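Breakdown of the fold
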Amino acid sequence: MSIRVVVADDQELVRSGFSMILEAQPDIEVVAEAGDGVEAVAAVQRHTPDVLLLDIRMPRMDGLEAARLVCAQSGCRVVMLTTFDLDEYVYEALYAGASGFLLKDVRRDDLVHAVRVVAAGDSLLAPSVTRRLVADIIQRRRAEASTPPSTVRLDVLTAREEETLRLLARGLSNAEIATTLFVSEHTVKTHVSNVLGKLGLRDRVQAVIRAYESGLVTPGSN
């Protein structure tokens, strides 16, 4: 079964370029394109895609608001597109439920890989810039709200699940976590699933945010 994708960007050349790259893949189908956030939300409602590639800065409704609506109303996975690797909107996009983000100068193979990864239920956590963004927003939120880390509790997790969360927050893949913990990848997937379920989280991005919020991991730690 093909991965169904909607591409939303107010620049027609960018939009059509991404669509052409994805359509060339045997397992990916671009079911619609959108030129702004309003069209993107409508396209998701109409076509029920698996993945929405969503530009952050668009007219009528920006990508942030569109991401909030799509994540709240559907199971579609959202990947934000941005020209700036430190765009502040990315912070809010992660909280809105986006599964990650890509720079618009992404390589062809990385774009295709990202769509497949997100469609499979994973998140775009590998790039170091994503981890930096997550760490930065947690610092900002704590400073603004003066919220102590202890208010975010992890005591529902077992010791092994907590360690898995710690390694997730460091950006390790399932294979790397398995090597670190001397367990199989299948066991790691079970631990990750348990962490998400017990903490009521959507995906690995939100798990990383929770790890920082709780103080389990601190910015700059290894």
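Before reading further, recall that the structure is shown in the block above.
As the structure is a computational prediction, the values presented were derived from the model and not from experiment.

Conventions used here
- Residues numbered from 1 in each chain as written.
- Predicted model: local features only at pLDDT ≥ 70, side-chain atom pairs only at ≥ 80, totals over all residues.
- Heavy atoms only, no water.
- Helix = DSSP H or I, 4+ residues; strand = E, 2+ residues; numbered from the N terminus.
- Contact = heavy atoms within 4.5 Å.
- Areas by Shrake-Rupley, 256 points an atom, 1.4 Å probe, with all protein chains shown as cover.
- Salt bridge = Lys/Arg side-chain N within 4 Å of Asp/Glu carboxyl O.
- Buried < 20%, exposed > 50% of the residue type's maximum accessible area, 1.4 Å probe, protein only.
- Core = buried A, V, L, I, M, F, W, Y, C linked by side-chain atoms within 4.5 Å.
- Axes fitted to C-alpha atoms, helices over the stretch in contact; angles between N-to-C directions.
- Parallel < 35°, antiparallel > 145°, perpendicular 65-115°, else oblique.
- Left-handed = near helix turned anticlockwise from the far one by under 90°.
- Nonpolar A, V, L, I, M, F, W, Y, C, P; charged D, E, K, R; others polar.

A few words on the overall build of the protein. The secondary structure content of the protein amounts to 10 helices and five strands. Counting only contacts in the protein whose residues sit at least 6 apart along the sequence, the fraction spanning at least 24 positions is 67%. With an accessible surface of roughly 10500 Å², the protein has 50% of that area assigned to carbon and sulfur atoms.

One pass over the full model with this rule turns up 10 salt bridges. The residue K104 makes a salt bridge to D9 at a minimum N-O spacing of 2.9 Å. Separated by 95 residues along the polypeptide, K104 in the loop between β5 (101-103) and α5 (108-119) and D9 in the loop between β1 (3-8) and α1 (12-23) bring together distant segments of the chain. What makes K104 buried here is its relative accessible area of 17%. Notably, a salt bridge pairs D36 with R60, separated by 2.9 Å at the nearest N-O pair. With D36 in the loop between β2 (28-34) and α2 (37-47) and R60 in the loop between β3 (51-55) and α3 (63-73), the pair connects residues that are 24 residues apart, well separated along the chain. Each of D9, D55 and K104 takes part in a single network of salt bridges with overlapping partners.

Another point: the nonpolar core. Membership of the largest hydrophobic core comes to 26 residues, with the highest contact counts inside it found for A8, L52, L54, V70, V78 and M80. Among the elements of the structure, β1, β2, α2, β3, α3, β4 (77-82) and α4 (89-96) are those that each provide at least two residues to this core. No other element matches α3, which puts five residues into this core. Among residues more than four places away in sequence, those in contact with L54 are A8, A40, G63, A66, A67, V78, V79, M80 and L81. Judged by nonpolar contacts, the second largest core, of 22 residues, contains L157, L196, V208 and V217.

The geometry of α2 relative to α3 is characterised by a closest axis approach of 9 Å and an angle of 15° between their N-to-C directions. It follows that α2 is roughly parallel to α3 by the angle criterion. Taken as a pair, α2 and α3 cross one another with a handedness that is right-handed. Packed against α2, whose contacting residues are G37, V41, V44 and Q45, the element α3 presents A66, L69, V70 and Q73 at the interface. Considering only residue class, the contact of α2 with α3 consists of five nonpolar, three polar and no charged.

Functional significance is not addressed by these values, which are geometric in nature.
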